[in-house]
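Each chain is listed here by its residues.
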Amino acid sequence: MTRDTFDGTSVKPSHWNLASVIEQLRVSREATHNIRHHGRVRELPSREALTTIVNGLQAALFPTHYGRPNLTDESIDFFVGDTLNTTLNRLAEQVRRGLQFSAEEAIPDEDALTRQARDITRQFAAGLPEIRGLLVSDVQAAFSGDPAATSVAEIMLCYPGTIAILYYRLAHSLHRLGSPFLARLISDIGHSLTGIDIHPGAQIGASFFIDHGTGVVIGETAIIGQRVRLYQHVTLGAKRFPADEQGILIKGVPRHPIVEDDVVIYAGATILGRITIGAGSTIGGNVWLTQSVPPASNVSQAQMRND
């Protein structure tokens, strides 16, 4: 038996000594380097399916922008209902798969997982009107905050910040409802599309605008108020990572900044640690900030050099 190679020639499997390699890989998988959750093989959530799901949710939330531009008053509700029904069925299956990797203890039986996934999906669906309201506020913030914006349609279709926030809002809802693994996957798909990395655990208020956006990083425990604007390459990160007595990192500890209402943070600023940026402050470009600032502060790179 031979196998074709990329250049059209053929070789026998024995040419590569595959029997030994395969056996060693089995030992690595099953014993030496086994990393399976609870030692079980399970079906992973599908990135392709999640991309289809987010596309469906976008279309249901904004039918003429992300769905069909020729929808009429008579057809739009039918389109939204049909799209949501199909999309939520797909989502429930992906939630079920993700829950297998979120369980701390023994994995529940399949019936219990299915019931839990359906309950999460039902609660997620009930929150979609609120998510849409937040997204509309984000789009309005972009339109009023960017003199280059010519229309709402341009912002929704062409602005990476708007797309990243849409993915974040959907992922954050799933994270809050108890599906963190799936939420992380959705956020990572949004990151891949836009170059903007927002952890789904972050808390972000209404009218959030990321201008340009490439390279923005927002950590898991960041809290962002209303009407906040960020520019490209802004980092809201952790200054240090606390560990326990064995040196293992402690999960979930608040370690990212709190940004209060009406703050503007310009390009390249790096803000680290559990510090507070007071309401109405402006943080200049390329500032490195590791201490809290009071409301209405104006922090520039020159001031930071003088400190």
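The model shown is predicted, which means the values in this text are computed figures rather than measured ones. (Residues numbered from 1 in each chain as written. Predicted model: local features only at pLDDT ≥ 70, side-chain atom pairs only at ≥ 80, totals over all residues. Heavy atoms only, no water.)

Asker: Can you tell me about the overall build of the protein, naming the residues and giving the values?
Answerer: Along the protein, the regular secondary structure elements total 10 helices and 16 strands. Here the protein, with 307 residues, has 40% of them falling under the buried criterion. In the protein, of all internal contacts separated by at least 6 residues, the share reaching a separation of at least 24 is 45%. Looking at the protein as shown, the accessible area adds up to about 16600 Å², and 53% of this sits on carbon and sulfur atoms. (Helix = DSSP H or I, 4+ residues; strand = E, 2+ residues; numbered from the N terminus. Buried < 20%, exposed > 50% of the residue type's maximum accessible area, 1.4 Å probe, protein only. Contact = heavy atoms within 4.5 Å. Areas by Shrake-Rupley, 256 points an atom, 1.4 Å probe, with all protein chains shown as cover.)

Asker: So what about helix H9 (residues 180–194)? Which residues, and what values?
Answerer: Since one α-helical turn is 3.6 residues long, residues separated by three or four positions face the same way. Spanning 15 residues, H9 covers 21 Å between terminal C-alpha atoms, matching the ideal 21 Å at 1.5 Å per step. Looking at H9, one finds that the buried residues are Leu 182, Ala 183, Leu 185, Ile 186, Ser 187, Ile 189, Gly 190 and Thr 194. If you follow the buried residues of H9, they end up packed against helix H2 (47–61), helix H4 (76–102), helix H8 (160–177) and strand S3 (197–198). One or two residues past the end of H9 sits Gly 195, with phi positive at roughly 75°. (Expected span 1.5 Å × (residues − 1).)

Asker: Help me get a handle on the packing of aromatic side chains, residues and values and all.
Answerer: Applying the stated criterion to the full structure yields 3 aromatic pairs. Between Phe 62 and Tyr 66, the ring centres sit 6.1 Å apart and the planes meet at 80°, which makes this aromatic pair edge-to-face. For Phe 62, a relative accessible area of 5% corresponds to the buried category. Given a relative accessible area of 18%, Tyr 66 falls into the buried group. (Phe/Tyr/Trp six-rings, centres within 6.5 Å; stacked < 30°, edge-to-face > 60°.)

Asker: Which residues make up the packing of H4 against H9, and what values go with them?
Answerer: Contact geometry of H4 with H9 gives a least axis separation of 7 Å together with a crossing angle of 115°. With respect to their mutual orientation, H4 and H9 come out roughly perpendicular. On H9, the residues touching Leu 91, Gln 94, Val 95, Gly 98, Phe 101 and Ser 102 of H4 are Pro 180, Phe 181 and Leu 182. Residues of the contact of H4 with H9, tallied by class, amount to 6 nonpolar, 3 polar and no charged. (Axes fitted to C-alpha atoms, helices over the stretch in contact; angles between N-to-C directions. Parallel < 35°, antiparallel > 145°, perpendicular 65-115°, else oblique. Nonpolar A, V, L, I, M, F, W, Y, C, P; charged D, E, K, R; others polar.)

Asker: Any chance you could break down the sheet that holds strand S10 (residues 258–259) for me, citing the residues and the numbers?
Answerer: By way of backbone hydrogen bonds, the strands of a sheet pair with one another, either parallel or antiparallel. Taking strand neighbours across the sheet as the criterion, the 4 strands line up as S4-S7-S10-S13 in an open arrangement whose pairing is parallel. For this open sheet the edge positions go to strand S4 (203–204) and strand S13 (276–277), each flanked by a neighbour on one side alone. Summarising the sheet, S4 and strand S7 (residues 223–224) pair through 2 bridges and their orientation is parallel. Looking at S7, one finds that Ile 204 is bridged to Ile 224. (Pairing = 2+ DSSP bridges.)

Asker: Just give me the short version of the environment of Glu 110, but keep the residues and values in it.
Answerer: By the element assignment, Glu 110 lies in helix H5 (residues 110–126). Here Glu 110 falls in the partly exposed class, since its relative accessible area comes to 38%. Note: C-alpha distance between Glu 110 and Arg 96 (14 residues apart in sequence) is 8.7 Å. When sequence neighbours within four positions are dropped, the list of residues in contact with Glu 110 reads Arg 96 and Gln 100. Within the local environment of Glu 110, its side chain forms a polar contact with the side chain of Arg 96, the two groups lying 2.9 Å apart. (Polar contact = N/O pair within 3.5 Å; in protein donor to acceptor, adjacent residues only side chain to side chain.)

Asker: Can you lay out the side chain of Thr 162 for me, pointing to particular residues and giving the numbers?
Answerer: Here Thr 162 lies in helix H8. On the basis of relative accessible area, Thr 162 is assigned to the buried category, the value being 10%. When near neighbours in sequence (up to four residues on either side) are disregarded, Thr 162 contacts Val 139, Ile 155 and Met 156.

Asker: With reference to specific residues and values, describe unusual backbone geometry.
Answerer: Although it is not a glycine, His 212 sits at a positive phi angle of roughly 65°. Looking at the secondary structure, you find His 212 in the loop between strand S5 (209–210) and strand S6 (217–218). In the Ramachandran plot, Asp 262 falls in the positive-phi region, its phi being about 60° despite a non-glycine side chain. Looking at where Asp 262 falls in the secondary structure, it is placed in the loop between S10 and strand S11 (264–265). The class for Asp 262 is partly exposed, based on a relative accessible area of 35%.

Asker: Could you give an account of the packing of H5 against H8, naming the residues involved and the relevant values?
Answerer: Across the interface, H5 lies against H8 with an axial gap of 10 Å and an inter-helix angle of 135°. By the angle class used here, H5 and H8 are oblique. Considering the relative orientation of H5 and H8, their crossing is right-handed. Residues Ile 120, Gln 123 and Phe 124 of H5 form the contact with H8, whose participating residues are Leu 170, Ser 173, Leu 174 and Leu 177. Residues belonging to the contact of H5 with H8 are distributed by class as follows: 5 nonpolar, 2 polar and no charged. (Left-handed = near helix turned anticlockwise from the far one by under 90°.)

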